[in-house]
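Fold and geometry: a report
Residues per chain are reported as follows:
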2 protein chains.
Amino acid sequence: MSKEIPYKIYLEENEIPKAWYNLRADMKNKPAPLLSPETLKPMSAKELAPVFCDELISQELDENTAYFPIPQDILDFYKMYRPAPLIRAYCLEKQLDTPAKIYYKFEGNNTSGSHKLNSAIVQAYYAKKQGLKGVTTETGAGQWGTALSMACSYLGLDCKVYMVKVSYEQKPFRREVMRTYGASVTPSPSTETEIGRKILEAHPGTGGSLGCAISEAVEKATKTEGYRYVLGSVLNQVMLHQSVIGLESKIALDKYGIKPDIIIGCAGGGSNLGGLIAPFMGEKIRGEADYRIIAVEPKSCPSFTRGKYAYDYCDTGMVCPLAKMYTLGSNFIPAPNHAGGLRYHGMNSTLSQLYADGLMEAVSVEQTSVFAAAEQFARIEGILPAPESSHAIKVAIDEAVKCKETGEEKTILFGLTGTGYFDMMSYEKFHDGKMFDYTPTDEELQASFETLPKLDIK
Amino acid sequence: MSKEIPYKIYLEENEIPKAWYNLRADMKNKPAPLLSPETLKPMSAKELAPVFCDELISQELDENTAYFPIPQDILDFYKMYRPAPLIRAYCLEKQLDTPAKIYYKFEGNNTSGSHKLNSAIVQAYYAKKQGLKGVTTETGAGQWGTALSMACSYLGLDCKVYMVKVSYEQKPFRREVMRTYGASVTPSPSTETEIGRKILEAHPGTGGSLGCAISEAVEKATKTEGYRYVLGSVLNQVMLHQSVIGLESKIALDKYGIKPDIIIGCAGGGSNLGGLIAPFMGEKIRGEADYRIIAVEPKSCPSFTRGKYAYDYCDTGMVCPLAKMYTLGSNFIPAPNHAGGLRYHGMNSTLSQLYADGLMEAVSVEQTSVFAAAEQFARIEGILPAPESSHAIKVAIDEAVKCKETGEEKTILFGLTGTGYFDMMSYEKFHDGKMFDYTPTDEELQASFETLPKLDIK
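Rules behind the numbers
- Residues numbered from 1 in each chain as written.
- Chains lettered and ligands numbered in written order.
- Predicted model: local features only at pLDDT ≥ 70, side-chain atom pairs only at ≥ 80, totals over all residues.
- Heavy atoms only, no water.
- Contact = heavy atoms within 4.5 Å.
- Buried area = accessible area lost by both parts, 1.4 Å probe.
- Salt bridge = Lys/Arg side-chain N within 4 Å of Asp/Glu carboxyl O.
- Least-squares fit on C-alpha atoms with pLDDT ≥ 70 in both.
- Pairing = 2+ DSSP bridges.
- Helix = DSSP H or I, 4+ residues; strand = E, 2+ residues; numbered from the N terminus.
- Buried < 20%, exposed > 50% of the residue type's maximum accessible area, 1.4 Å probe, protein only.
- Right-handed = clockwise from strand over helix to strand, strands pointing away.
- Domains from an automatic or database assignment.
- Polar contact = N/O pair within 3.5 Å; in protein donor to acceptor, adjacent residues only side chain to side chain.
- Expected span 1.5 Å × (residues − 1).
- Axes fitted to C-alpha atoms, helices over the stretch in contact; angles between N-to-C directions.
- Parallel < 35°, antiparallel > 145°, perpendicular 65-115°, else oblique.
- Left-handed = near helix turned anticlockwise from the far one by under 90°.
- Disulfide = S-S within 2.5 Å.
- Phe/Tyr/Trp six-rings, centres within 6.5 Å; stacked < 30°, edge-to-face > 60°.
- Lys NZ or Arg CZ within 6 Å of the ring centre and 35° of its normal.

**Points about the interface of chain B and chain A**
The interface of chain B with chain A comprises 43 residues on the first partner and 43 residues on the second. Interface of chain B and chain A: buried area, both sides summed, is about 4000 Å²; carbon and sulfur atoms make up 57% of it. The interface formed by chain B and chain A holds four salt bridges in total. Between E428 of chain A and R175 of chain B there is a salt bridge, with its nearest N and O atoms 3.1 Å apart.

**Observations concerning the relation of the copies chain B and chain A**
Mapping chain B onto chain A calls for a rotation angle of 180 degrees and an axial translation of 0.0 Å; the resulting RMSD is 0.0 Å. Both chain copies can therefore be described as sitting about a two-fold axis. When the interface residues of chain B are mapped onto chain A, 100% of them again lie at the interface, so the same face is used by both copies.

**Things to note about the sheet that holds strand β1 (residues 8-9) of chain A**
All names here are of chain A. Read from one edge of the open sheet, seven strands run β1-β4-β5-β15-β10-β11-β14, paired in mixed fashion. Edge positions in the sheet fall to β1 and β14 (361-365), since each has one partner strand and no second. Alignment of β1 against strand β4 (residues 86-88), held across two bridges, turns out to be antiparallel. By the bridge assignment, K8 is partnered in β4 with I87.

**Focus: the pairing of strand β7 (residues 158-164) of chain A**
Residue and element names in this part refer to chain A. Summarising burial for β7: six of the seven residues are buried, a large majority. Sheet analysis places strand β6 (residues 134-139) next to β7, joined by six bridges and oriented parallel. By the bridge assignment for β7, V135 is matched with C159. What joins β6 to β7 is helix α6 (residues 143-155), and the crossover it makes is right-handed. As paired elements, β7 and strand β8 (residues 184-188) share five bridges and run parallel to each other. Bridge pairing in β8 places Y162 opposite T186.

**Focus on the domain arrangement of chain A**
Residue and element names in this part refer to chain A. Taken domain by domain, chain A holds domain 1 (8-15 + 83-113 + 244-449) and domain 2 (19-69 + 116-236). Each of domain 1 and domain 2 has a C-alpha centre, and these two points are 22 Å apart. Facing the 46 residues of domain 1 at the interface are 50 residues of domain 2. Between domain 1 and domain 2, roughly 4000 Å² of surface is buried when both sides are summed, and carbon and sulfur atoms account for 61% of that area. For the domain 1 face of the interface with domain 2, the top three residues by lost area are S112, I285 and F422, together amounting to 16%. Here domain 1 is connected to domain 2 by one salt bridge. Note that R286 and D26 form a salt bridge whose closest N and O atoms lie 2.8 Å from each other. Taken together, domain 1 and domain 2 are joined by 15 residue pairs in polar contact (both at pLDDT 80 or more). Of the residues forming the side of domain 1 that touches domain 2, the biggest block, six residues, is contributed by helix α12 (residues 271-285).

**Observations concerning helix α16 (residues 387-406) of chain B**
When the terminal C-alpha atoms of α16 of chain B are compared, their 29 Å separation across 20 residues agrees well with the 28 Å that a helix rising 1.5 Å per residue should span. Just beyond α16 of chain B, the residue with positive phi is G407 of chain B, at close to 80 degrees.

**What to know about the packing of helix α8 (residues 172-180) of chain A against helix α17 (residues 424-431) of chain B**
Between α8 of chain A and α17 of chain B, whose axes approach to 9 Å, the crossing angle comes to 50 degrees. Relative to α17 of chain B, the element α8 of chain A is oriented oblique. The way α8 of chain A lies across α17 of chain B gives a crossing that is left-handed. Residues F173, R175, E176, V177, R179 and T180 of chain A of α8 of chain A form the contact with α17 of chain B, whose own contacting residues are M424, M425, Y427, E428 and H431 of chain B.

**Some words on the sheet that holds strand β10 (residues 262-266) of chain B**
All names here are of chain B. An order of β1-β4-β5-β15-β10-β11-β14 is seen for the seven strands of this open sheet, with the pairing classed as mixed. Taken across any chain shown, the strands that pair with only one partner, and hence form the sheet edges, are β1 (8-9) and β14 (361-365). Of the pairings in the sheet, the one linking strand β5 (residues 101-106) to strand β15 (residues 411-416) comprises six bridges and is parallel in character. If you follow K101 over to β15, its bridge partner there is T411.

**A word on the pattern of salt bridges**
All told, the structure shown has 56 salt bridges over all chains when counted by the stated rule. Its salt-bridge partner being D254 of chain A, residue K250 of chain A comes within 3.1 Å of it at the nearest N-O pair. With K250 of chain A and D254 of chain A both in helix α11 (residues 236-255) and four residues apart, the pair spans about one turn of that helix. Here D290 of chain B makes a salt bridge to K284 of chain B, at a shortest N to O gap of 3.9 Å. The exposure class of D290 of chain B is exposed, given its relative accessible area of 55%. Counted as one network, the salt bridges with shared partners bring together R175, E176 and R179 of chain A together with E428 and D432 of chain B.

**So, the pairing of β6 of chain A**
Remark: a regular strand shows side chains that alternate across the two faces of the sheet. Residue and element names in this part refer to chain A. In terms of burial, β6 is a largely internal element, six of the six residues being buried. Neither face of β6 is open: one carries G134, T136 and E138, the other V135, T137 and T139, and all of them are buried. Note: β6 against strand β9 (residues 227-229), three bridges, orientation parallel. Across the sheet, residue G134 finds its bridge partner in β9, namely Y227.

**Re the state of the cysteines**
Residues and elements named next belong to chain B. The full count for this structure, using the stated rule, is zero disulfides over all chains. In this structure C212 is a free cysteine whose sulfur lies 12 Å from that of C320, the closest cysteine sulfur available. Left unpaired, C320 is separated from the closest cysteine sulfur, that of C314, by 6.1 Å.

**Observations regarding helix α14 (residues 349-356) of chain B**
Residues and elements named next belong to chain B. For α14, the buried fraction is high: seven of the eight residues fall into the buried class. Regarding α14, the residues found buried are S349, T350, L351, S352, Q353, L354 and Y355. The inward-facing, buried residues of α14 abut α11 (236-255), α12 (271-285), α13 (303-306), β12 (308-313), β13 (322-327) and β14. Just downstream of α14 lies G358, where phi reads positive at about 75 degrees.

**Here we look at the packing of aromatic side chains**
One pass over the structure, following the stated rule, counts 39 aromatic pairs over all chains. With a centroid separation of 5.4 Å and an interplanar angle of 55 degrees, the aromatic rings of F173 of chain A and F173 of chain B are classed as tilted. Placement of F173 of chain A in helix α8 and of F173 of chain B in helix α8 (residues 172-180) is noted, with the two residues assigned to different chains. In this structure F173 of chain A comes out as buried when scored by relative accessible area, which is 10%. Between F77 of chain B and Y81 of chain B, the ring centres sit 6.0 Å apart and the planes meet at 70 degrees, which makes this aromatic pair edge-to-face. With F77 of chain B and Y81 of chain B both in helix α3 (residues 72-81) and four residues apart, this pair spans about one turn of that helix. Residue classification places F77 of chain B among the buried residues on the basis of a relative accessible area of 4%. Through a chain of ring-to-ring contacts, three or more aromatic side chains come together here, namely F77, Y78, Y81 and Y154 of chain A. Between the NZ or CZ atom of K324 of chain A and the centre of the ring of Y309 of chain A, over which it lies, the distance is 4.6 Å.

Take a look at the structure:
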């Protein structure tokens, strides 16, 4: 118990989890099922098959199996960049002069620069196993697209990425990374798809959105022989794969007898947050432990804190299934000056259910405060964080400062999902005082909620 | 001995070396001393004092002390990003279908993106200890400047960086990283210094060179109260600090009973190569082991393979001491299309002596072949390498392919010094077929050699 705690806790390779944990198996209130956009009835595996890979569909629909063994080939790939270190923020603690102990799980030590690789390799693996030729996807900041292109290159799969136009333009170097890994990258909305052309017609000059890029990627996959669509967040299968983050964190903490009081993750579609908290939330639900769990989202895209808990389309084009989730409406697009990532209009349905059940909290933060926290963290902890991850840093610092005020020696764990090397234009804006905060007005949100489907479902 | 070798060998924190190794102590033929540009006599500590920090001068001049203890504060900083993993390139081996075993020491897992941080923190530490206000330096690709700005930010020192203009323009995001860490960055040649103005007058529109940026940084340091100059390569003190790379590699290899046959490092000024090979070369000199040691340099800047072994200025402005080294002449600037880094005209004097004594080999490679190797490596090993590091990859692959032909099960160790996230413009050129090779003609080199000082020194 009193073992000296190193700066970085690295597990041995043979301590990498051998199975993913499916939090839904332990939930009393299961998340609501996906609905078919045509029948408005729960989607069957058969209905999902034209879009998704078969094995991923069975993971998506399974809410009873607690553990899914990780195939050996994926474990081998994981070994190339995992285990990810759990880092004690000794320097930050000292600077804050807080009695709190701060740990972060750092998922940025791989070329995709984020945790996205954890699921990308899994989805590419099952596509390959199914004998497919390739996959399509969307990407926002480019983290997911990069991760997927790495996984596809490793397995010899074709990879077609629709990249949110504003990111494509702001982050030209991400495109080159994807090209290095052999992917083709198209700015979205594009004229390549029907839905893309429709969106361009309705909103000429739009910077695009994740929801819109998703529609294009899905259309492309369903209309191209030997292709399926894969998605980097939002879905429960992704949360399942990302449970490796939380499982590894827990093993590392347990090794040193550390029990976190507060667990903090940034939340866009929910993939990192869901993965990080999974085993801890499982304990909480089973009554074995208690944790404060906090989701952090941008004030300019506040799905949890200001969204509606309702069935909504996962994409702008309304071709995807509907999910019951906290949502701002599938047409919601954050203000153009938003540089902090986490731009998705909705939220993973499992996390939504947990939030609705009061099992976790959510806060929203302004992006200038996020970049200030990012810079503070970079200077003292060395790692240049992604804007997305910095949402969690911001709230971790806030909580550590509260501990200073109250004198409480709380243990804080947060997810540092990735690095900000490709976000320097946003950092530049911040340095030059050209970054502004934007919070949508109630009227704007109300207008966006109007697009929610009017369904007669309890 | 037959322990299963993991993908990544991570040492424990308490296995990080506690002392740097000074290879010169074991050399029979010591490297030639630095000469004063004024008296042409060996520089004394007193003469170096206006330029360098005192403790670093004593490290620079000491060729007898084999081990320098690493101060605890530096060990603490090292723990933030070290130990660096020694990685077995299982996937690359499999792809090459070679009986060779390939290991690489990966130094890119920190925000500076390279091994440069190993020396940056040391130099900043001694500047701080001496009560200085700040330091000046030059940077090429920006790796060293980033590393130094990180170290200075951590210690609360002012940091002034002269960045080779062509890199400043090609790599705008590096500048923002340095700004994030609070450094000021000036494209060189600049009008801020006398030597900068002189060079601009003689070569209007020049893209600059490391040698020229050095001159500016030295001038600034010597003319500003409370400042000293620090340098990221070339000097023996840097090689001393970088010995942590080789020492860690050796500890990791020894743990698993692995003995490399071939050790490969890229060579610009020599900091990585010198650090990587130090303990192995020590054994070789002492007759305890034998290794093939290979320096890899760009064909467009071939100091080892086509340079003269002579006393030359370390900088274009001829304000720095002279070093006996393999050099292309202090005015040499690689062709503008050169994108592969390693642009320095000379080479560390210790490495130069070792090369002159036949203790190591050198090869030069063309940049398109370097980028091809980089892409091959990225796709199969996951890590997107820096162009500099990819020189070593190229030759490691070549050697592994030779092993396939001969059936020899050689063990290859190479230094993967950093990541290429800020080099995507060069990758783009490569992808678009817009990258060309350039090898200076004999006449061009001859003209450059004309600028070598005519000294009457044996």
